Every structure is written in structure tokens, then in C-alpha cells.
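# Summary of the model geometry
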Amino acid sequence: MDETRLMIETAQKAPDFTAARRHMIESQLRTSGINDAYVLERMAAVPREDFVPANARAAAYVDRTLALGGGAFLAPPLAYGQILSQARPRQDERALIVGPATGYLAALLGPLVSELREATPDAVLSGDVDGVFDVVLVDGAVEEVPASLIATLAPDGRLLTGLLRKGVTKLALGRHSGADISLITLNETQLPRLPAFDKPQGWTF
């Protein structure tokens, strides 16, 4: 097989990622009620295939979580659409993303806020996050919201996280309630569990 023919056949087999993004928006986001213009624009603009290993690029737009190695993951497109839709980020806000540093959610959110930082769950738990933020997005699901995570919120800030209860994960919106946080559960979501935020196991006798 000559080189020209090989290049043509390779190009023909290569996934059409632009078409895949359009299909993601129409078949996964819009059909699930995600119609906010800013959400659809950001998810159309950011190539998910650039945030997964080379051998997983063809699966970048499927409706499931993709393992990235080292405990990191890329949640399904709908999960990120739900987070952005409920977060309602503004251009004058400071934002924090907590989770595995995949870069994808940061690429979606970055142009929508004035400042963006990322932190691992371990950094949050050890209190190594400086300052407070208007919007905190957890890229994953937690069993509980620890005090160190609440401490990253500005007084009028809001938290979006997956909340795992009895094997079901729902997106939850949190706001300060004194020194604690008041959580409102929203729709079910497919954000994977973040073990660092598991509820401590108590002693049983």
C-alpha cells in the first residue's frame, strides 16, 4: 500500500469530532433540558477529545465516564452541562474547581469568570487553598461536604457538587447557612465518586 493511499484511508477512518460535538449538544444536552446559550457555546467550543488519552479519543463524546488513569476521570458531557447550567457563572466572579486536574471543566468555565483556580481534594482537605470564591464546582461526587470545602466559599458564594446518598448521585447546590452549608438536591447526575470526600466510617459494636 503506497503512502498516499494509506493517508487517505487513515483520514477516512478518523472520527469527525466537530460532528460529534454537534451530536452531543443535540442528543445529550438539549434532550435533557440543557438549553442555556452560554453552556451550549462553551461545550461546542471545547474539544473533549483533547482531554483524554490518545487511545480513548474516539470515545470522547459517548454518554459515560472515561477513566484517564491515576484516579482521574472525565464525566459524561451531560454532567458538565448540568453543572454549568446550575452554576450560572458571571464575568465578575472568582471560581474554584475541586477534583482531578483534567483541565476540561476549567476550559469550559474559564472564559465565563474573571478568575479561575483548580485544587485537588487533598489540597482542600489540608487547607492549602488560599482565599474564598464566589462559585466552587466539585468535579465529582461527595458523601459529605467537609468544613475545609465550605471554607473556600465566599459569604454569598455557591457550591455545585455531586452528592452521593444511598447509592444515588444527585447534583446539589449549596449556600452558606451560618458556619455550615445548606444543600438543595437537584437532578440525578453521573459524576463519579471522589473517595477523598467519603464520610468517615464510625465504629460499630
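This write-up is about the structure you can find in this document. (Residues numbered from 1 in each chain as written. Predicted model: local features only at pLDDT ≥ 70, side-chain atom pairs only at ≥ 80, totals over all residues. Heavy atoms only, no water.)

Let's shift gears to the environment of Val-62. By secondary structure assignment, the location of Val-62 is in the loop between α3 (37–45) and β1 (66–69). Classification of Val-62 by relative accessible area gives partly exposed; the value is 31%. Distance from Val-62 to Pro-77, taken between C-alpha atoms, is 7.9 Å for residues 15 residues apart in sequence. Discounting residues that sit within four places of it in the chain, Val-62 has contacts with Gln-28 and Pro-77. (Helix = DSSP H or I, 4+ residues; strand = E, 2+ residues; numbered from the N terminus. Buried < 20%, exposed > 50% of the residue type's maximum accessible area, 1.4 Å probe, protein only. Contact = heavy atoms within 4.5 Å.)

Moving on to the pairing of strand β8 (residues 180–188). Relative to β8, strand β7 (residues 168–177) is paired through seven bridges, and the arrangement is antiparallel. From the neighbouring strand, Ser-177 faces β8, where its bridge partner is Asp-180. Counting the residues between successive antiparallel strands, the hairpin from β7 to β8 contains two residues, one of them, Gly-178, with a positive phi of roughly 70°. (Pairing = 2+ DSSP bridges.)

Taken together, the six strands give an open sheet; going across it, the order is β4-β3-β5-β6-β7-β8, and neighbouring strands pair in mixed fashion. Both edges of this open sheet fall to β4 (115–119) and β8, since each of them pairs with a single strand only. With strand direction ignored, the average angle separating the axes of adjacent strands in the sheet is 20°. Of the strand pairs in this sheet, strand β5 (residues 133–142) and strand β6 (residues 153–165) are connected by six bridges, and their pairing is parallel. Across the sheet, Leu-137 pairs through a bridge with Leu-160, a residue of β6. Here helix α4 (residues 77–87) sits on the sheet and contacts β5, β6, β7 and β8; the angle it forms with β5, its principal contact strand, is near 155°. (Axes fitted to C-alpha atoms, helices over the stretch in contact; angles between N-to-C directions.)

With that settled, consider the packing of aromatic side chains. Within the structure shown, the criterion is met by three aromatic pairs. Measuring from centroid to centroid gives 5.6 Å for Phe-51 and Tyr-104, while their planes differ by 65°, and the two rings are edge-to-face. In this pair, Phe-51 sits in the loop between α3 and β1 while Tyr-104 sits in helix α5 (residues 104–109), placing the two residues 53 residues apart along the sequence. Judged by relative accessible area, which is 0%, Tyr-104 ranks as buried. Seen from their ring centres, Tyr-80 and Tyr-104 are 5.2 Å apart, and the 70° between their planes marks the pair as edge-to-face. Taken together, the residues Tyr-80 in helix α4 and Tyr-104 in helix α5 connect sequence positions 24 residues apart. A network of ring pairs unites the aromatic residues Phe-51, Tyr-80 and Tyr-104 as a single cluster. (Phe/Tyr/Trp six-rings, centres within 6.5 Å; stacked < 30°, edge-to-face > 60°.)

Moving on to the pattern of salt bridges. Scanning the model with the defined rule gives nine salt bridges in all. Arg-57 is the partner of Asp-50 in a salt bridge, and the nearest nitrogen-oxygen pair spans 3.4 Å. Residue Arg-57 is classed as partly exposed on the basis of its relative accessible area of 29%. Ionic contacts of the salt-bridge type, sharing partners, join the residues Arg-90, Asp-92, Glu-93 and Arg-158 into one network. (Salt bridge = Lys/Arg side-chain N within 4 Å of Asp/Glu carboxyl O.)

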